[in-house]
Structures are given as C-alpha cells and as structure tokens.
Amino acid sequence: MTTPRISAPSVEAFSAAILRHLKLSLGKDPEHASLYDWRMSLALSLRDHVVEPWFESTRKTYEARGKRVYYLSMEFLIGRLVEDVAVNLGFEDIAEEAITALGQNYGDVVANEPDAALGNGGLGRLAACFMDSLSTLGIPAYGYGIRYEHGLFEQHFEEGAQIETAETWLSQAHVWEFERPEVTYPIHFGGHVAVEDGKTVWHAGETVMASAYDTPVLGWQGRWANTLRLWAAKPTTNFDLESFNRGDYIAASAPEALARTISRVLYPDDTTDVGKELRLKQEYFFTSASLQDLLRRFLSEGGALKDLPDHVAIQLNDTHPAIAGPELVRLLMDEHQFEVAQAITTARACLAYTNHTLLPEALERWPEDLFARVLPRHYRIIQLIEAAHFATAGETVRIFEHGEVKMGELAFVMAHHVNGVSALHSELVKETVFSDLNAAYPGRIINQTNGITPRRWLYTCNRPLRGLINDTIGTAWPDNLDQLSGLTAHVEDSAFLDRFQAAKDANKARLADWLKARDGVSVDPAAMFDVQIKRIHEYKRQLMNLLETVALWNDIRANPNGAWTPRVKLFGGKAAPGYVVAKEIIHLINDAARVINADPVTREFLQIVYPENYNVSMAEMLIPAADLSEQISTAGKEASGTGNMKFALNGAPTIGTLDGANVEIRDCVGAENFFLFGLTAAEVTARRAEPDYARTAIAASPRLSEVLDQIRSGLFSGGDRDRYVNLVNGLYDHDYFLVTCDFDAYFAAQRQVDTAFADSRTWTRMAALNTARVGWFSSDRTISGYAKDIWQAQSLLEQRDA
Ligand code: 26Q
C-alpha cells in the first residue's frame, strides 16, 4: 500500500478553513456568499495544503543537482483544478463533506470553476497529462508556456452554425497561480544586427518584458509537486511620458499596446495559420523567456555552461518552440562567448523535439523576409546552423527553401532525439516527412506512444467505475495502471459484469440529467451512446459519421418495424474560426439533427445530439457515459489520438481505422473487442493514385448516393440547395480523406456494433476487457519512456512502496 504523504484535516477543521477564507479572502459571510464565493473559498483551502509539498519538492530538486526537465509548450489544456487537487491530496471526501455540511452542493461548487482552456486539443491536453505524470513520478520538471488572457474561444450555435465568442477565464481571479513580479526578462524583436569590435551585436527595435506566473502541479497523493510557469507580456515602460508631454498620446501608449497583444489570445487553429507575425512573436516570446530563466537558474547554482546538457533536458512540444535551437545558440554565443560549433553542439545536447503531425499544411514555415525582420539575429544563426548541418549531412535537406524557413527541419537538426507519438506515426515520420533527415541522422527518430493520466481520466471522472475497481483489485492502480489487468480474471463473473454495467448506466443517467438541465435535451439512457468528440477536421471524418447516420435513418424509415438497436449519436467539438469546410460540417450535423430528431417514425431508434462548447469538462462527463468510441480518421492522418485511450479506459469499445494509437489499442484489447474497418495507410496512398476513386465509390454505393442526393436536395437545409453544394461536390471532386471509399465498410461495421450491443452480456464483457487491457496507455508509462530514452532524468522520490 502506498501511504498518503499529506495528513488530512478533519471535516470540522476543513469547514472552518473554508469559512475563514470566505470571511478573510472573499470578504463574505455565509448568508451572502454566492457559488463563486464558496468555490473560491474551497479552492483556497485546498491550496493551503499544496504549498508545503511544493516547497519540499523544490528544495529536493535543488539539493539533488540532477537533471531537470523543461517542457516547452504553446498550449496547456488543463481544465478545472479544484477536484483534481482535492483528489491528489486525498481530501476528496473531506472537501465534499465539508461543503455539504456548509449547506452547499459539492457538484455545483466544483462546476463553478471555469476551464483553464489554454490549448486547442490533443497536443495541449497531452502537455497537461504529462505535467501530471511528471509530478506523480517525482521527476523534477518545469512546464513553460504562455499565460493567455483569453483561452480557446467559446462556441455557440446560431441556427446550427458555429459562432465564436471570446473566452474570459481571467476575468475572475485564478487562485491556483502565484504572480512572480520579480521574475522578468526582456524579450527583443526587430532592429538590426551589426558587427562591433569583431563581435556581433543585435540592436533590437522593440522590447517587451516576460513576467512569470507559477502554478504548482500536484502529483498523485501529494508526494511531489512541480511548477508550471506561464509568461505574461508586460511593457518595458508602462507609459512614455516624453511623448505624452509632447502631446502624442497614441505614441505614448504604444509600448503598452504591443506588449499586451503578445499574450492576449490563444491562436484557435490546430493546423498552421501560415505566416502570422504575432504568432511568431508569441513563439519567440515564451521560448526566449523560458531559456533565459533556466540559464539564470543554472548559473545561479554555480553551473558551468559546458555542463548544461548534464543538467537540462528541454522538450519541444511540436515546432512551436523550435526557435529554442537558435535562441540557445544566440545566448551561448552572444552572452557567454561560445564558439559557433560549441554552441550548436551544446544546444543540441539539451534539446529534443516531438512531432505531432504529418499533415503538410500543419508543418510550420515562415516567410524568410518576415522572419528576418522580426528576428534578424536568429535569421543569421539559422544560416550558421544550416551550414553546420550541411557539413555533416550534405545538402539534400535545407532549412531555407522556397523563400521560407522550415521549422520542422530546424527542430530536427537541433535535436538529439526526435519522437513520434504512436508506433505507426513514428514509422511514417521516418518514411515520409523526415525520410532524408532520417537517413542523414540514423537513430535520431524514436517512438514514444502517447498516454493519458488515469487520475483525471478514470479515477476522478468516473466514480462508479473507480469504486468497482477498488473493490475488485484494490486501490494501488491509479499510479500503477498495469494492475487493471487484474480485472481480466473477473470478466466471466456475472456479479462483476452486473456492477460494471451498473456503473456505465449510472454515468449515462448522469449525462442524461446534465443534457436535460443544460440544453433541455432528453435522451434515452437505454439507447447506445455513440460518441465522437474532438476538433472538427476533414481528416477526422465527422462527415462520414453523419452520412452513416442519415443512411441508417433511411434504412429505419424503410423498415420501421425492424429490430433496430436504439442509438444516440453524440458529437462534440469546435472548428477553427477560419476553417470553412469544418464549419459546414458542423452546420450539416445540426441541420440533420433537427430533421431526424423530429421524425416520429425513427424517434425511438435514432437521435443526434451536439452539445455546444465542447471542452475538457464536457469530455469528463461524456467519456464515462459512452458505449461506443468513434476513432474513424483516414488511416495515416491521426498521429496518435488520446481520446481513443480515454474511451477504452472507461469501458467504451472502439469503432475505428488502423490509424495512430488505434493500432496499439487494438493490439492490447484484442481484435475481437474492437470494431475495425477501412483502408490501411498504405491502401489510402494507393487509392488516391487511382483516377476518379471518389466517383467510383459513390457509384458503387446506392446508400451513399441516396444520402448525398438528399443533402444536395435541401432536405436538411429547409429547401436551400446551395448550403451544402460545396460539401457534396467536394466529395465527388476531391475527396482527399476518402470518406466515400470507406463509407460502406464503416456502415457495415456499425451494423456489427448493433448486433453486438443487442447482446448486452457479451457487450459488457467486451467493455470490461477494454478497461482491463489498456493500462499501458497511462501517461506515467509514456513519461517513464521519455525519461529513460530521451532525457536521462531520474525520479527523486524515495523508493516507492511496493
Ligand atoms: C501552428 C502554427 C500556427 C497556428 C497554430 C498552430 C498549431 C496549433 C496547434 C498547430 C497544431 C496544433 C495542435 C496539434 C495537435 O493537437 N495535434 C495532435 O496531437 C495529439 C498529441 O500528440 C495527437 O494525439 C493527435 O493525433 C494530433 O492531431
């Protein structure tokens, strides 16, 4: 048994603490307190218990003088923290009892917290899971990112179309962070480079300050806490009094205006929005601040810079912080008198790069002229880096090409390891985008299959299943997830399966209540909950799911007395505001929902539900309630996926393609517990080479043809034949993601799902085997892999109890 490190207060003492914060921190008495006041008081009372373990971890980190991990990421998609901290402290019951004793509803208090949505999707959520695991494993680490004033936009539907409004999480105090006004660094942009006394000098055009805000990240059972340090941009001088006195009021506030825009808003695209100057400035802003910070820490502890790689492991979460290579070289050369070659070698020995995508449009590139204008010194340093790369590897792969700076190539050349995020993806990285670089630097590319934190994605979000697992295999599994395999022995035990199904039913009932209360939507908890939640993207093929739904509707209408398996098709997800096709898909799903849900003939069998504003908290509600997990991307396009792991862990079998981590999930759960369909990555490539593959596939599928004709006819758009003409024509003319080619196989696989679901005992067994067999996808396993293969970093926890 692992013993909790934190001594828990009594419920009475904790209630008293909440009341003390209510009075002294919020200035309220209980009679006048709002839900917000109670939530803040609860959060502050929990926070009081985080500070000691945080200090202790920091002290041990300094004493050990070992390797520290620096995780650089433009995005940290955190979600809520109150429950997370309560759970990790082991205070969950105490917190709930105290709040209840004070006359409040614990669920409502917890739900009052806004999501910290400083990320778009998979990459940002992965960073948050990694921070959780780094703390749970006791690996000294800092997360570095940007403290966006506005996180990911809020999504609304107007007449079924997506509308975006600004997200404003910081309009309320964020209790989990500590401002560090004394920790600031200047960040320079623009200007010119000159050689003075044989030394290269960068005369910057403008400067902003990066100012630190620290959030403790508490691990499981409070045994360790690392720091997430987010940077906010501040003006160097608040106000230019000289200009003001001259009467130039606009010029007087110019420095302030530039600074405030840099950390104002998260870019809402999850593929590259090419060439936006502000985006480049954001990237350099947080990367430079982070490197200055870690160098200052290293030097203040008496380190010699030549030994930097023995103490510092810097992980680049995609190319967004790829400027770290040239920036570290710049700091070593310009501020610490390193020779070029030595600076490049030292920097590379510190840096590693994770690739998250093969989509060509998502590989970052900057126009050279823009780059040279914003970062003139780095432009020259990248020329030096490219020359050094040519000298070792030849000139097959360039960093500068077609008037652009290619950040993937830069990150690769400046990293000692490059990793993909699933077995299939890492192989494709070697074979496609980086094949020449792989040949030039053999062994540099490795795989680290993604993972998820079981503390948030099972223990906290799925209390009914948690209880069953605790009763069945004990309580040591949350930080040793392989132990879930112990459930396998129980899948023939009908009492166990009854409880497994009861847990699922409880989660479905909870979701039904939530949908009713929030959106006034009624769903039948006895129906199959078939869920696809993720960013809206053509390659993720929400459109194929919708087309299958319409085809099923047609079949039910043709045979209303058939033995149909009732289904609720749940969709969730946002489209980038500028992504026209993705927004058309959202509109079509909502339009089809309106028509299909109103059909009295099919109503008892089929319903479409698309709750607006999908976020981390909504995922925590939907995933435990899902019966079926939709992972249907075009093979070769989804680097890994992590939602796929969350569903399987919570007992929802997958219908999916051989893409990303689906492949490894299927290997773990067994082919008989996974609904596979569709072309493989190799077949996709071959099919695209065939002329008219889409028209051929449509012509061969009467079902698909009918559905496309219905959409085109205006059936779902109130007679408007224009609304979906682009979407439908797109499938005929350039179905790049092969929706048409996989449609029939997908439809057939769904009918297998229908049959399997109708046999409820067998289905529950399949669901339980999914939970039992996916322990490997814990992010603790992933982080242990990075620590061993990339960082050479050690845990500072005393040997954990067996
Ligand atoms: C880049 C430049 C300019 C503007 C935006 C961007 C940008 C922002 C976010 C590009 C990409 C992203 C996010 C990518 C992402 O989330 N990728 C996902 O990463 C997951 C974690 O590895 C994988 O599981 C998913 O398969 C992958 O799609």
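Residues numbered from 1 in each chain as written. Predicted model: local features only at pLDDT ≥ 70, side-chain atom pairs only at ≥ 80, totals over all residues.

**Student:** Can you help me understand the overall build of the chain in this one?
**Tutor:** Of regular secondary structure, the chain possesses 34 helices and 24 strands. At 27 Å, the chain has a C-alpha radius of gyration in line with the 28 Å of a compact globule built from 802 residues. Looking at the chain residue by residue over its 802 residues, the buried ones come to 51%. For the chain, long-range pairs separated by at least 24 residues make up 76% of all intrachain contacts whose partners lie at least 6 apart in sequence. (Helix = DSSP H or I, 4+ residues; strand = E, 2+ residues; numbered from the N terminus. Rg over C-alpha atoms; globule rule 2.2 N^0.38 Å. Buried ≥ 20, exposed ≤ 12 C-beta atoms within 10 Å, placed from the backbone. Contact = placed C-beta atoms within 7 Å.)

**Student:** Would you mind showing me how to read the site of the ligand here?
**Tutor:** The environment of the ligand is made up of 24 residues, and the closest members are Gly122, Leu123, His356, Ala639 and Ser640. In terms of residue count, helix α7 (residues 122-136) provides more of the shell around the ligand than any other element does, three residues in total. Split by residue class, the shell around the ligand holds six nonpolar, 12 polar and six charged. Both domains that meet at the shell around the ligand, namely domain 2 (65-80 + 117-176 + 215-229 + 269-449 + 785-791) and domain 3 (454-777), each give it at least three residues. (Near = placed C-beta within 6 Å. Nonpolar A, V, L, I, M, F, W, Y, C, P; charged D, E, K, R; others polar. Domains from an automatic or database assignment.)

**Student:** Where do I start with helix α21 (residues 463-473) in this structure?
**Tutor:** Along α21, the residues that are buried comprise Leu465, Leu468 and Ile469. Each buried residue of α21 sits inside an arc of 100 degrees when the element is viewed along its axis, so together they form one side. Elements in contact with the buried residues of α21: α20 (454-460) and α22 (494-519). (Arc of directions from axis to C-beta.)

**Student:** Would you explain the UniProt feature "modified residue: N6-(pyridoxal phosphate)lysine" (unreviewed entry) in the chain in this entry?
**Tutor:** In the numbering adopted here, UniProt assigns the feature "modified residue: N6-(pyridoxal phosphate)lysine" (unreviewed entry) to Lys646. Note on lysine 646: 30 C-beta atoms within 10 Å, which makes it buried. In this structure lysine 646 touches Ile452, Trp457 and Ile623, once residues within four positions along its chain are discounted. (UniProt positions renumbered as here; feature names shortened; annotations may be inferred.)

**Student:** What am I meant to see in the packing of α22 against helix α33 (residues 760-773) here?
**Tutor:** The description of two packed helices rests on the angle between their axes and on the distance between the axes. Where α22 meets α33, the axes come as close as 10 Å, and the angle between the chain directions of the two elements is 80 degrees. Between α22 and α33, the crossing angle belongs to the class labelled roughly perpendicular. Along the contact surface, α22 presents Leu497, Phe500, Gln501 and Lys504, while α33 presents Arg761, Thr764, Arg765, Ala767 and Ala768. Residue composition of the contact of α22 with α33, grouped by class: four nonpolar, two polar and three charged. (Axes fitted to C-alpha atoms, helices over the stretch in contact; angles between N-to-C directions. Parallel < 35°, antiparallel > 145°, perpendicular 65-115°, else oblique.)

**Student:** Explanation requested: the nonpolar core in the structure shown.
**Tutor:** The nonpolar side chains of soluble globular proteins are, as a tendency, buried together. Membership of the largest hydrophobic core comes to 233 residues, with the highest contact counts inside it found for Leu46, Tyr70, Leu351, Ile589 and Leu622. In terms of residue count, the dominant contributor to this core is helix α23 (residues 542-558) (nine residues). Leave out the neighbours within four places in its chain, and leucine 46 touches Val82, Val85, Ala86, Leu89, Phe91 and Ala95. (Core = buried A, V, L, I, M, F, W, Y, C linked by C-beta atoms within 7 Å.)

**Student:** Explain the domain arrangement of the chain to me, please; I cannot follow it from the model alone.
**Tutor:** Interface size is commonly expressed as the accessible surface area that is lost when the partners come together. Each assigned domain of the chain is listed here: domain 1 (1-64 + 83-114), domain 2 (65-80 + 117-176 + 215-229 + 269-449 + 785-791) and domain 3 (454-777). Summarising the inter-unit geometry, the C-alpha centres of domain 2 and domain 3 are found 32 Å apart. Taken together, the 35 residues of domain 2 in the interface contact 31 residues of domain 3. Top contributing element to the side of domain 2 that touches domain 3 by residue count: α7, with five residues.

**Student:** Just checking my understanding: could you explain the sheet that holds strand β17 (residues 417-420) for this structure?
**Tutor:** Within the open sheet, the nine strands sit side by side as β7-β10-β11-β4-β1-β12-β13-β17-β18. Their pairing is mixed. Strands at the two margins of the open sheet, each flanked by one partner only, are β7 (178-189) and β18 (445-447). The mean inter-strand angle of the sheet, taken between neighbouring strand axes irrespective of direction, is 25 degrees. Two strands pair when backbone bridges link them, and strand β13 (residues 351-354) and β17 are joined in this way by three bridges, in the parallel orientation. Counted as the bridge partner of tyrosine 353 is valine 418 from β17. Against the sheet, helix α18 (residues 423-431) contacts β17 and β18, and its axis sits at roughly 170 degrees relative to β18. (Pairing = 2+ DSSP bridges.)

**Student:** Sorry if this is basic, but what is going on with the environment of isoleucine 78 here?
**Tutor:** When you line up the elements, isoleucine 78 lands in strand β2 (residues 76-79). For isoleucine 78, a count of 26 C-beta atoms within 10 Å gives the class buried. Through-space distance from the C-alpha of isoleucine 78 to that of serine 617 is 9.7 Å; in sequence the pair is 539 residues apart. Not counting chain neighbours up to four residues away, the residues in contact with isoleucine 78 comprise Ala116, Leu118 and Ala128.

**Student:** It is not clear to me how the sheet that holds strand β20 (residues 567-572) should be interpreted in this structure. Could you clarify?
**Tutor:** The strands making up a sheet associate through hydrogen bonds between their backbones, and the pairing can be parallel or antiparallel. The six strands are arranged β21-β20-β19-β22-β23-β24 in an open sheet whose pairing can be described as parallel. Where the open sheet ends on each side, the last strands, each with one partner, are β21 (606-609) and β24 (675-676). Sitting on the sheet, helix α24 (residues 580-597) touches β20 and β21, and the angle it makes with β21 is about 145 degrees.

**Student:** Sorry if this is basic, but what is going on with the pairing of β17 here?
**Tutor:** Both faces of the sheet carry side chains from a regular strand, because those side chains alternate between them. In the sheet, β17 pairs with β18 via three bridges, with the strands oriented parallel. Directly across from asparagine 419, in β18, lies its bridge partner isoleucine 446.

**Student:** Can you walk me through helix α16 (residues 376-393) in this structure?
**Tutor:** Helical geometry note: an α-helix holds 3.6 residues per turn, so side chains three or four residues apart project in the same direction. Between the first and last C-alpha of α16 there are 26 Å, a value that for 18 residues agrees with the 26 Å anticipated at 1.5 Å per step. Where α16 is concerned, the buried positions are Pro376, Arg377, His378, Ile381, Ile382, Ile385 and His389. The positive-phi residue at the C-terminal boundary of α16 is glycine 394, with phi of around 80 degrees. (Expected span 1.5 Å × (residues − 1).)

**Student:** What am I meant to see in the packing of α23 against helix α30 (residues 702-712) here?
**Tutor:** Two elements in contact, α23 and α30, have axes separated by 9 Å at closest approach and are oriented at 100 degrees. Judged by the angle between their axes, α23 and α30 are roughly perpendicular. Counting all contacts with α23, which are made through Leu547, Val550, Ala551 and Asn554, the residues of α30 involved are Arg703, Leu704, Glu706, Val707 and Gln710. Considered class by class, the residues forming the contact of α23 with α30 number five nonpolar, two polar and two charged.

**Student:** Is there a simple way to explain the environment of alanine 423 in this structure?
**Tutor:** Mapped onto the elements of the fold, alanine 423 is located in helix α18. Counting along the chain gives 238 residues from alanine 423 to alanine 661, while the straight-line C-alpha distance between them is 7.2 Å. Excluding residues that lie within four positions of it along the chain, alanine 423 makes contacts with Asn447, Thr449, Val663 and Glu664.

**Student:** What's the story with the confidence of the model for the chain in this structure? I'm lost.
**Tutor:** Low-confidence regions, as indicated by low pLDDT, have predicted coordinates that should not be scrutinised in detail. In this model, the chain carries a mean pLDDT of 96, and residues with pLDDT of at least 70 account for 99%. Two summary scores accompany this predicted model of the complex, namely pTM at 0.98 and ipTM at 0.99. (pLDDT = per-residue confidence, 0-100.)

**Student:** So what exactly am I meant to see when it comes to unusual backbone geometry here?
**Tutor:** For residues other than glycine, phi is negative in most cases, and the peptide bonds are mostly trans. With a phi close to 50 degrees, histidine 402 is a non-glycine residue in the positive phi region. Since 9 C-beta atoms lie within 10 Å of it, histidine 402 is described here as exposed. Even without a glycine there, the phi angle at asparagine 613 is positive, about 60 degrees. By the C-beta count within 10 Å, which is 19 here, asparagine 613 ends up partly exposed.

**Student:** In this structure, what is going on with the pairing of strand β9 (residues 199-203)? I would like to understand it.
**Tutor:** Where strand β8 (residues 192-196) lies against β9, five bridges are found, and the strand directions are antiparallel. Bridge pairing links histidine 192 to histidine 203 in β9. Where β8 hands over to β9, the hairpin turn is made up of two residues, of which aspartate 197 adopts a positive phi near 50 degrees.

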